[in-house]
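A look at the structure
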Amino acid sequence: MLRLKYYFQKPQSGFDPVPKAFAEKYAANEYSKVDSSLVDAINTQVADLRDKSILDLGAGPGQYSIEFAKKGAKVTWHDISRNYLEIARNKANDESIVLNFSLGYLEEAEGKYDMIFNRICWYYCINDNQFATRIYNLVKKDGFGFIVVNNEIFLQEELAKESGLKKILIRLSYWINETFNIKLTHVHPSHQKLSKIFARLDFKSLQVERNGHNTLITFNK
């Protein structure tokens, strides 16, 4: 089902899954709570972001793209939403920040980067295994990855708000994805599955940590 959407709903043809009103509301909230300590920690771990090439993959309204650029990084914003692109471009212009912009599905990002940053949008990928490999291939040798994924605890929290047939379908979709690696809908992966996926890839160092309803993945290739 997701692959059919991928082929028939193209952002290059005007498709945008994020309504403008929602994009503006979400952007206002996200810009008000940017975690500067996270950016500082990343800056320390990669030994200075200055002049590093960074792909903000699934960048949304661009709040972290701009923060990385403020550290002197060469940042590429990538997302599927034109509404988010407009917000990110306007914010960058307001702050005299230079960003590169790339529009498309998560899997359509291209290039080689010193660092990949992917936050809270993993579940929009079409296939968990293939997306992890895609991220791996986008990172240069000796490069870094910083990934934040909502895991099964987050999914359970969301399921508590649902009922009836929708709840059953979400649970079924989760089971099929965990068991057969087939995504019928945009469903969150488990911490255990993410650990196994990244463990099969070749890294100099890899950490997969559970932090409540998020899984934090950091690596050096």
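An account of the accompanying structure is given in this report. (Residues numbered from 1 in each chain as written. Predicted model: local features only at pLDDT ≥ 70, side-chain atom pairs only at ≥ 80, totals over all residues. Heavy atoms only, no water.)

**Section: the side chain of Asn127**
Here is the rule we go by: Helix and strand assignments follow DSSP, with helices taken as H or I runs no shorter than four residues and strands as E runs no shorter than two, numbered in order from the N terminus. The rule is simple: take the accessible area with a 1.4 Å probe, protein chains only, and divide by the maximum for that residue type; under 20% is buried, over 50% is exposed, in between is partly exposed. What makes two residues a contact is simply this: any of their non-hydrogen atoms within 4.5 Å.
For Asn127, the position within the fold is in the loop between strand 4 (113–119) and helix 6 (128–138). Assessed through its relative accessible area of 9%, Asn127 is described here as buried. The residues touching Asn127, leaving out its near neighbours within four places in the chain, are Arg3, Glu107, Asn181 and Lys183.

**A closer look at the packing of aromatic side chains**
For any two aromatic rings, the description comes down to two numbers: the centre-to-centre distance and the angle of the planes. To keep it simple, the criterion reads: By convention, a stacked pair of Phe, Tyr or Trp rings (six-membered ring in the case of Trp) has centres within 6.5 Å and planes under 30 degrees apart, an edge-to-face pair has planes over 60 apart, and any other such pair is tilted. Whether a charge sits over a ring comes down to the Lys NZ or Arg CZ being within 6 Å of the ring centre and within 35 degrees of the ring normal.
All chains considered together, the criterion is met by 14 aromatic pairs. Judged by centre distance (6.5 Å) and plane angle (40 degrees), the ring pair of Tyr64 and Phe68 falls under tilted. In this pair, Tyr64 and Phe68 both sit in helix 4 (residues 63–70), 4 residues apart, roughly one turn of the helix. Residue classification places Tyr64 among the buried residues on the basis of a relative accessible area of 5%. Among the residues examined, Phe68 registers a relative accessible area of 0% and is labelled buried. Grouped by ring-pair contacts, the aromatic residues Trp122, Phe131, Tyr136, Phe198, Phe203 and Phe219 constitute a single cluster. The ring of Phe101 is capped by Arg89, whose NZ or CZ atom sits 4.9 Å from the centre of that ring. In this arrangement the basic side chain of Lys91 is found over the ring face of Tyr31, its NZ or CZ atom lying 4.6 Å from the centre.

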